[in-house]
Amino acid sequence: MYYKEKDYGVKYPDITVDNFRDLGGIVLENGRVIKDGMIFRSGELFGLSDGDKAELDKLGIDYIFDLRGYDEVEYKPDYIPRGAVYRNVPAAQTRKSMVVKPDKVVKMIPTWLPSGVSKCAFRLRFKHLYRKFPFRNRAYAEMFRVMDEGGTFLFHCTAGKDRTGVASMLILLALGADLETVKNDYMLSNFYRVESNKKFVKQYESYKHFNKYRKILGVAGNVEAKYFDSAYKKIIRKYKTVKRFFSEEYNVDEQRVAKWLQTYTKQS
C-alpha cells in the first residue's frame, strides 16, 4: 500500500491550493500504478495567488470538474487553468444552498439539527448525505465520460473532502485499488487541511453562541471513517459487489475500465 502522506509538500511544493494532490503513485491490486499528473483533486480554486495560478497552468490540465452547487460557484468562482475546459456539475442533489458563509451557517445550524446541536446529530446528517452521493450522480457520470476520452482532469468541491472524497473513492474503486488504499486517500483530507480547519473555526469566534457551535465546527471541517463506510456499505448492500454497482449505476464495464487502466496507469 502506498501512503500518500509522503507526497505532502514534495510533489507540488509550490502549490498552496487547499487539499491539493494527485492520485499518482497509488498502487492498484493488479500491480499497476496510477500515473503522476493525470488525475488531480483539491478544494475550491477561488482566491488563488498568482503563484498558484502559474503552477496550475503548468500542469496541462484538460478539464476542471467543479462539483459545487451553482450558488457556491457564483459566490466563489474558480480560476480556470490555461487550456482547461471548465465543467460545473453539482454532485450534491439538493435544493438548499451550500454556500459556506459564517453568518449564514450560524443561522442554518439550528434548522439543520433541530433535535439538538450535537456532534452526534451532525454526524448522522452527514452519513445520510454520504449514502446518497454514489448513486445516479450526474457529476460522477460526466467525470467517467471524460476518462473515456483520456483527458487529464482536476475535480473539486469547496473543501475537497466530501463530494470530492466520494468522487476519488469511486475512481479508485473502478481502477481496482483495494479498500484500505481507497479509504486512506479519503482520510488524507484531515492531514492536508489542518491549517484550513483552524481558519475555518476561527472565523466564527465573534458570533453569538460560538462555544455552543464550536463542538460541531471542528467536526464539519474533517472527514471521518464512518462517513466513508456509510457510502461504501450502501453500495454493497444494494449491489453486493463493486463491479455490479459500476455496471448498473454508471454503465462502467470491463472494456471501459481496461481503457482507463491503459490511459491512467502504468506497470509498477
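See the structure printed just above.
Only a predicted model underlies this, so the values are computations on that prediction, with no experimental measurement involved.

Caption draft 1: Spatial organisation of the side chain of serine 230. With respect to the helices and strands, the residue serine 230 is situated in helix 10 (residues 225–239). Among the polar contacts listed, one links the side chain of serine 230 to the backbone oxygen of tyrosine 227, at a separation of 2.6 Å.

Caption draft 2: Structural context of unusual backbone geometry. One non-glycine residue, asparagine 19, adopts positive backbone phi at about 60 degrees. Position of asparagine 19 among the secondary structure elements: in the segment before strand 1 (21–22). Of note in the backbone geometry, lysine 240 takes a positive phi value of approximately 75 degrees without being a glycine. Here lysine 240 lies in the loop between helix 10 and helix 11 (242–250). Under the relative-accessibility criterion, lysine 240 is labelled exposed at 61%.

Caption draft 3: How the structure looks around the pairing of strand 4 (residues 63–66). Neither face of strand 4 is exposed, since Tyr63 and Phe65 on one face and Ile64 and Asp66 on the opposite face are all buried. Here four bridges tie strand 4 to strand 5 (residues 85–88), and the two strands are oriented parallel to one another. Along strand 5, the bridge assignment pairs aspartate 66 with asparagine 88. As for the winding sense of the linkage, the β-α-β connection from strand 4 through helix 2 (residues 70–75) to strand 5 is right-handed. Pairing geometry for strand 4 and strand 6 (residues 153–156), over four bridges, is parallel. Across the sheet, phenylalanine 65 pairs through a bridge with phenylalanine 155, a residue of strand 6.

Caption draft 4: Structural detail: the layout of surface pockets. By volume, the second largest pocket amounts to about 190 Å³. If you trace the second largest pocket, you find it lined by Leu173, Ala174, Gly176, Val242, Lys243, Phe246, Ser247, Val252, Asp253, Glu254 and Val257. When residues of the lining of the second largest pocket are traced back to their parent elements, those giving at least two are helix 6 (163–175), helix 11 and helix 12 (254–264). Among the elements that take part in the lining of the second largest pocket, helix 11 stands out by supplying four residues, more than any other. In terms of residue class, the lining of the second largest pocket is built from six nonpolar, two polar and three charged.

About the cut-offs
- Residues numbered from 1 in each chain as written.
- Predicted model: local features only at pLDDT ≥ 70, side-chain atom pairs only at ≥ 80, totals over all residues.
- Heavy atoms only, no water.
- Helix = DSSP H or I, 4+ residues; strand = E, 2+ residues; numbered from the N terminus.
- Polar contact = N/O pair within 3.5 Å; in protein donor to acceptor, adjacent residues only side chain to side chain.
- Buried < 20%, exposed > 50% of the residue type's maximum accessible area, 1.4 Å probe, protein only.
- Pairing = 2+ DSSP bridges.
- Right-handed = clockwise from strand over helix to strand, strands pointing away.
- 1 Å grid on protein atoms, 1.4 Å probe; cavity = no way out; pocket = protein on both sides within 12 Å on 5 of 7 lines; lining within 4 Å.
- Points joined across faces, edges and corners; volume = space filled by probe spheres on them.
- Nonpolar A, V, L, I, M, F, W, Y, C, P; charged D, E, K, R; others polar.

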